[in-house]
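# Residue-level structural notes
The lines below spell out each chain.
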Amino acid sequence: MNNLADTVVVDPGFGGGDKQQQAGPAPQDASVVVPPPATKQSSALKKTSRYRSRSLSASSTDSFSSASYTGSSEDGDDVPPREKVQKNSKGSSDFCVRNIFAQHAFGRREIEIAEQEMPGIIALKKRAAEDKPLKDAKIVGCTHINAQTAVLIETLVELGASVRWAACNIYSTQNEVAAALAESGIPIFAWRGETEEDFWWCIDRCVNAENWQPNMILDDGGDATHLMLKKYPTMFKLVKGIVEESVTGVHRLYQLSKAGKLTVPAMNVNDSVTKTKFDNLYSCKESILDSLKRSTDVMFGGKQVVVCGYGDVGKGCAQALKGQGCIVYITEIDPICALQASMDGFRVVKLNEVIRNVDIVVTATGNKNVVVREHMDKMKSGCIVCNMGHSNTEIDVNGLRTPDLTWEKVRSQVDHIIWPEGKYIILLAEGRLVNLSCSSIPSFAVSITSATQALALIELFNAPPGRYKSDVYLLPKKMDEYVASLHLPTFDAHLTELSDEQAKYMGLNKAGPFKPNYYRY
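Residues numbered from 1 in each chain as written. Predicted model: local features only at pLDDT ≥ 70, side-chain atom pairs only at ≥ 80, totals over all residues. Heavy atoms only, no water.

The name an unreviewed UniProt entry assigns to the protein is Adenosylhomocysteinase, from the organism Drosophila sechellia. Note on the protein: under the UniProt heading Sequence similarities (unreviewed entry), the record states "Belongs to the adenosylhomocysteinase family." Under Pathway (unreviewed entry), UniProt gives the following word-for-word description of the protein: "Amino-acid biosynthesis; L-homocysteine biosynthesis; L-homocysteine from S-adenosyl-L-homocysteine: step 1/1." (UniProt positions renumbered as here; feature names shortened; annotations may be inferred.)

Shown next, in the form of structure tokens:
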């Protein structure tokens with residue numbers, strides 16, 4: 001636990017990536033994409049003899065089969081983005097996306113739609129735009145790239161920051177949104193379906209830029225932090241702060257802190273109230289159904305489902321599936337969470353007790369090897385397997401890449417894994433985050449998290465020297481309450497105010513915070 005050897009994404013090393021950066025002189029017209037001379041296909045993209053691909057039906061490529069409502073995230077351009085030379089309308093080529101010309105208009109409309117459901121982050125942008133609290137901040141971002149994230153990115157720019165952005169997940173990027181950000185002048189390096197080597201190259205392009213020295217990191221999973229610490233340790237020491245929003249990334253930060261390798265302060269947004277109770281719970285509660293239905297057309301009524309983990313994500317998933325008529329089982333290691341599940345009417349079991357009978361398996365633990373080959377060998381034919389945790393290690397997908405099994409791609413992000421006797425299971429998004437890979441997420445819930453992230457960046461960037469040491473901190477309770485207050489006008493909600501006598505009796509400030517840090521909502 002005291003080292004970073006066991007990471008979420010296997011680091012392939014960083015050699016040779018810069019040689020592919022320049023593909024030739026840029027064309028004058030932004031609409032022209034110049035492919036390079038024919039090159040050998042990357043070995044990472046070659047299909048094995050045991051992998052067969054069905055012809056895609058119209059329903060496999062329409063708007064309901066990808067993470068984008070427009071369907072443009074799955075375009076038919078086979079030229080790798082790194083081998084293209086593209087420019088936006090301002091003449092800049094400091095980005096790498098799938099197809100800026102064909103997709104940026106769709107992406108801009110996606111962003112505009114998302115803004116309508118993100119009142120908190122928009123209110124924050126309006127209130128703080130004049131003060132520019134992030135002036136001179138140079139932020140490296142590594143998060144999911146979707147319409148909601150784009151609203152956050154453009155808010156940070158409006159507040160004075162200079163940003164460079166990459167994706168934290170190779171399947172969750174909305175290509176049209178990435179194109180819209182590139183067209184607006186934001187250096188973004190992301191496209192849907194990156195290889196592992198592409199993934200690290202994109203983050204490296206954000207961190208290592210000419211005449212640009214990052215001083216803040218906004219991370220989702222810890223990969224940007226990991227790369228900068230490993231490859232650019234001197235640059236890492238100049239960072240003023242890190243904001244991390246995932247269980248996996250926070251775990252890695254605590255590992256660094258315990259090992260004495262964390263040399264900058266970090267803010268744990270994942271465990272803030274506004275993240276755990278709204279993004280983790282309510283967002284997952286709605287998006288799990290959307291992702292399963294959109295990718296498999298499954299009927300939920302009467303299905304037996306096991307949800308591994310009963311944290312906030314697991315609670316949201318279990319409640320949603322139960323509400324659709326599923327018979328839901330829970331697996332847990334924590335007796336407190338197990339007791340909560342039992343009191344909520346779920347049966348707590350060991351995975352081996354129900355694995356032969358369940359129709360759907362959902363992982364939501366943040367751990368590794370929760371579902372392994374032994375479990376999948378016992379599953380019934382047609383069982384759906386998916387992951388709702390950030391880490392792609394919860395399902396042992398590598399255990400399925402053996403000569404005796406056949407992989408059959410049936411839709412975007414949907415694979416049939418076929419056993420020799422004819423049994424098959426349905427694996428979604430190759431074990432990665434299913435709601436962001438196979439569907440979309442509620443913009444309102446993301447607004448809450450985005451506002452929290454923005455405030456955390458502002459706090460760390462403007463904090464006087466000495467306020468935060470090289471450790472991991474929770475967001476101050478006052479900021480959590482402020483984020484919540486930004487979203488209340490949407491519901492026409494009116495807060496009751498304490499009288500002076502009441503405030504004195506409770507020992508509170510009338511303006512908050514209203515709960516102690518140890519309070520559990």
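Having seen it, we continue.
In this section: the overall build of the protein. When you go through the protein residue by residue, the secondary structure sums to 18 helices and 16 strands. Looking at the protein residue by residue over its 521 residues, the buried ones come to 55%. Here the protein has roughly 23,200 Å² of accessible surface; of this, 53% comes from carbon and sulfur atoms. (Helix = DSSP H or I, 4+ residues; strand = E, 2+ residues; numbered from the N terminus. Buried < 20%, exposed > 50% of the residue type's maximum accessible area, 1.4 Å probe, protein only. Areas by Shrake-Rupley, 256 points an atom, 1.4 Å probe, with all protein chains shown as cover.)

Before going further, it helps to spend a moment on helix H17 (residues 477–487). Three or more residues of H17 are buried, namely Lys477, Met479, Asp480, Glu481, Val483, Leu486 and His487. Elements in contact with the buried residues of H17: helix H3 (119–128), helix H10 (273–296) and helix H16 (443–462). (Contact = heavy atoms within 4.5 Å.)

Attention shifts here to the UniProt feature "binding site: NAD(+)" (unreviewed entry) in the protein. Within this numbering scheme, the UniProt entry marks Gly311, Asp312, Val313, Gly314, Lys315, Gly316, Glu332 and Asn435 as carrying the feature "binding site: NAD(+)" (unreviewed entry). Tracing the backbone through its elements, the reader meets Gly314 in helix H11 (residues 312–323). Residue classification places Gly314 among the buried residues on the basis of a relative accessible area of 0%. Contact partners of Gly314, with chain neighbours within four places excluded, come to Val307, Gly309 and Ala364. Topologically, Asn435 is positioned in helix H15 (residues 434–438). Judged by its relative accessible area of 5%, Asn435 falls in the buried class. In this structure Asn435 touches Cys284, Ser287, Ser291, Met388, Ser440 and Ile441, once residues within four positions along its chain are discounted.

Glancing now at the packing of aromatic side chains. Scanning all chains against the criterion turns up seven aromatic pairs. Considering the side-chain rings of Phe444 and Phe491, the 5.3 Å spacing of their centres and the 75° angle between planes classify their relative orientation as edge-to-face. Placement of Phe444 in helix H16 and of Phe491 in the loop between H17 and helix H18 (500–506) is noted, with a sequence separation of 47 residues between them. Since its relative accessible area comes to 17%, Phe444 is described here as buried. Looking at Phe491, the relative accessible area reads 56%, which means it is exposed. (Phe/Tyr/Trp six-rings, centres within 6.5 Å; stacked < 30°, edge-to-face > 60°.)

On to the packing of helix H7 (residues 223–231) against helix H9 (residues 247–258), then. Packing of H7 against H9 leaves a shortest axis separation of 9 Å and a crossing angle of 35°. In this structure, H7 contributes Asp223, Thr225, His226 and Leu229 to the contact, and H9 contributes Arg252, Leu253 and Leu256. Residues that form the contact of H7 with H9 fall into these classes: three nonpolar, two polar and two charged. (Axes fitted to C-alpha atoms, helices over the stretch in contact; angles between N-to-C directions. Nonpolar A, V, L, I, M, F, W, Y, C, P; charged D, E, K, R; others polar.)

All right, on to the sheet that holds strand E4 (residues 188–189) then. Ordered by their spatial adjacency, seven strands build an open sheet running E4-E3-E2-E5-E6-E7-E16, and the pairing between neighbours is parallel. Each of the sheet's edge strands pairs with one partner strand only, and the pair in question is E4 and strand E16 (472–474). Across the face of the sheet, H7 comes into contact with strand E2 (138–143), strand E5 (216–219) and strand E6 (241–244) while running at roughly 135° to E5. (Pairing = 2+ DSSP bridges.)

Bringing the environment of Cys383 into the picture now. Tracing the backbone through its elements, the reader meets Cys383 in strand E12 (residues 383–387). Separated by 25 residues in the primary sequence, Cys383 and Val358 place their C-alpha atoms 7.1 Å from one another. Beyond its immediate chain neighbours, meaning those up to four positions away, Cys383 contacts Val358, Asp359, Ile360, Val361, Tyr424, Ile425 and Ile426.

Let us now look at the side chain of Thr149. Tracing the backbone through its elements, the reader meets Thr149 in helix H4 (residues 147–158). Using a relative accessible area of 9% as the deciding quantity, one classes Thr149 as buried. At a separation of 2.8 Å, a polar atom in the side chain of Thr149 contacts the main-chain carbonyl oxygen of His144. Excluding residues that lie within four positions of it along the chain, Thr149 makes contacts with Thr143, His144 and Trp165. (Polar contact = N/O pair within 3.5 Å; in protein donor to acceptor, adjacent residues only side chain to side chain.)

Our focus in this paragraph is the nonpolar core. One recurring pattern in soluble globular proteins is that nonpolar side chains are buried together. Of all hydrophobic cores here, the largest spans 59 residues; its most connected members are Ile121, Leu134, Ile139, Leu156, Trp165 and Ile188. Elements supplying a minimum of two residues to this core: helix H2 (100–116), H3, H4, strand E3 (162–167), helix H5 (175–183), E5, H16 and H17. Ranked by the residues each element gives to this core, the list is headed by H16, at 11 residues. The residues touching Ile121, leaving out its near neighbours within four places in the chain, are Val151, Leu152, Thr155, Ser447, Ser450, Ala451, Ala454 and His487. Among the nonpolar cores identified, the runner-up in size contains 34 residues, and Cys96, Val207, Leu227 and Met228 belong to it. (Core = buried A, V, L, I, M, F, W, Y, C linked by side-chain atoms within 4.5 Å.)

On to the pairing of strand E9 (residues 327–331). Of all five residues in E9, four are buried; the element is thus mostly enclosed. Alignment of strand E8 (residues 304–308) against E9, held across five bridges, turns out to be parallel. Looking at E9, one finds that Cys308 is bridged to Thr331. The handedness of the E8 to E9 crossover, carried by H11, is right-handed. (Right-handed = clockwise from strand over helix to strand, strands pointing away.)

To continue, consider the environment of Met235. As for its position among the elements, Met235 is in helix H8 (residues 233–237). You can call Met235 buried: its relative accessible area is 14%. With 27 residues separating them along the chain, Met235 and Asn208 place their C-alpha atoms 9.3 Å apart. Look past the residues within four positions of Met235 in its chain and what remains in contact with it is Val207, Gln213, Pro214 and Met228.

Let us now look at the side chain of Arg373. With respect to the helices and strands, Arg373 occurs in helix H14 (residues 373–378). Given a relative accessible area of 18%, Arg373 falls into the buried group. In this structure the side chain of Arg373 is engaged in a polar contact, spanning 2.9 Å, whose partner is the backbone oxygen of Gly399. Of the polar contacts made by the side chain of Arg373, one reaches the side chain of Asp404; its length is 3.0 Å. Filtering out sequence-adjacent residues up to four positions away, Arg373 remains in contact with Asp396, Gly399, Leu400, Thr402, Asp404, Leu405 and Trp419.

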